[in-house]
Amino acid sequence: MTSYCWITMGALIQGLAMAVFLFPHSIPSGGAAGIAVLLNYWFNIPLSVALWIVNFSLLVAAIHWLGNGSALGTMYAITITSLGVHLFSSDTFMLSINTWIDLLLGSIVLGMGIGLLLRENVSNGGMGVIALIVAKYRNTPPGRPLLLLNGSIFLLTASIIDWKIVIQAIVCQWISTKQVDLVYKWHVPALFQPIFLRRKK
């Protein structure tokens, strides 16, 4: 139960970053969308179908390499993130001031959300699945592989997406993955720990 509290919190924070700070400026938050664009460009596959193929393939990888629990957690996180994007997309939360300021704030908030998910052995979807597999089997923080994966995809899609957006996406990934590693290494106390279970000094 405690784990799903952190997953819910991380997914909502991720949805907040996307809806309020990044999506209003068309800044992509990950590499899965970039792969979907390439599939659409090369094979004329509809973007919605291509995105589903990418996420489904990565979900299969999560089941195989990380186990059913991580895959179910990933599905739950993706669902909550989508609900968060829908919730925070209302005009009430639209406080955009400047593209680069929003990029900075959005990247920090996004990294916090993803970091909380990865701490619970749950991917945020997309390239986060592969980053989590690398982190698990190489015993390393997931931020660096996440940056390399998403950065490579953004560069690959630079001929399709406007260069300015690609540069913003890479900057977003660099900042957010630094935040991911910070959160991933934090010692987070258990939520709702009963008072009588705490040791007295």
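Placed above this text is the structure.
All figures in this text were calculated on a predicted structure; none of them were measured in a lab.

Trainee: Please provide a residue-by-residue account of the overall build of the protein chain, values included.
Mentor: Across its full length, the protein chain carries eight helices and zero strands. Starting at the N terminus and walking to the C terminus, you meet the elements of the protein chain as α-α-α-α-α-α-α-α. A burial count over the protein chain gives 44% of its 201 residues as buried. Pairs at least 24 residues apart make up 76% of the contacts formed inside the protein chain by residues separated by at least 6 positions.

Trainee: Lay out the packing of helix H7 (residues 143-156) against helix H8 (residues 163-185) in plain terms, naming residues and giving numbers.
Mentor: H8 packs onto H7 with a crossing angle of 170° between their chain directions and a minimal axis gap of 9 Å. Judged on the interaxial angle alone, H8 and H7 are roughly antiparallel. Two secondary-structure elements touch here, H7 through Gly143, Arg144, Leu146, Leu147, Asn150, Gly151, Phe154 and Leu155 and H8 through Val166, Ala169, Ile170, Gln173, Trp174, Thr177, Val180 and Asp181. Split into classes, the residues belonging to the contact of H7 with H8 amount to nine nonpolar, five polar and two charged.

Trainee: Describe in detail the environment of Ser107, supporting the description with residues and values.
Mentor: Among the secondary structure elements, Ser107 is positioned in helix H5 (residues 99-119). For the pair Ser107 and Cys172, spaced 65 residues apart in the sequence, the C-alpha separation amounts to 5.1 Å. In this structure, Ser107 is in contact with Leu22, Cys172, Ile175 and Ser176, ignoring residues within four places of it in sequence.

Trainee: Tell me about the packing of aromatic side chains, residues and numbers included.
Mentor: The description of an aromatic ring pair rests on the distance of the ring centres and on the angle between the ring planes. Overall, the coordinates contain one aromatic pair when judged by the stated rule. Consider the rings of Tyr4 and Tyr76, whose centres lie 5.0 Å apart with planes at 70°: the pair is edge-to-face. Here Tyr76 lies in helix H4 (residues 68-88) and Tyr4 lies in helix H1 (residues 2-22), a separation of 72 residues in the sequence. For Tyr4, a relative accessible area of 36% corresponds to the partly exposed category.

Trainee: Describe in detail the nonpolar core, supporting the description with residues and values.
Mentor: Leu22, Leu110, Ile114 and Cys172 are the most contacted members of the largest nonpolar core, which has 33 residues in total. Elements with a contribution of two residues or more to this core: H1, helix H2 (31-43), helix H3 (47-66), H4, H5, helix H6 (128-138), H7 and H8. For this core, the element with the highest residue contribution is H1, accounting for eight residues. Apart from the residues lying within four places of it in its own chain, the contact partners of Leu22 are Ala17, Ile27, Ser29, Leu103, Gly106, Ser107, Leu110 and Cys172.

Trainee: Explain unusual backbone geometry to me, and be specific about the residues and the numbers.
Mentor: Even without being a glycine, Asn121 presents a positive backbone phi close to 60°. Turning to its location among the elements, Asn121 is positioned in the loop between H5 and H6. A relative accessible area of 31% places Asn121 in the partly exposed class. Non-glycine residue Asn139 carries a positive phi angle of around 55°. By the secondary structure assignment, Asn139 is in the loop between H6 and H7. Classification of Asn139 as exposed rests on a relative accessible area of 72%.

Trainee: Mind laying out H6, listing which residues take part and the relevant values?
Mentor: The set of residues buried in H6 consists of Gly128, Val129, Ala131, Leu132, Ile133 and Ala135. Positive phi appears at Asn139, one or two residues downstream of H6, with a value of about 55°.

Thresholds, definitions, all that
Residues numbered from 1 in each chain as written. Predicted model: local features only at pLDDT ≥ 70, side-chain atom pairs only at ≥ 80, totals over all residues. Heavy atoms only, no water. Helix = DSSP H or I, 4+ residues; strand = E, 2+ residues; numbered from the N terminus. Buried < 20%, exposed > 50% of the residue type's maximum accessible area, 1.4 Å probe, protein only. Contact = heavy atoms within 4.5 Å. Axes fitted to C-alpha atoms, helices over the stretch in contact; angles between N-to-C directions. Parallel < 35°, antiparallel > 145°, perpendicular 65-115°, else oblique. Nonpolar A, V, L, I, M, F, W, Y, C, P; charged D, E, K, R; others polar. Phe/Tyr/Trp six-rings, centres within 6.5 Å; stacked < 30°, edge-to-face > 60°. Core = buried A, V, L, I, M, F, W, Y, C linked by side-chain atoms within 4.5 Å.

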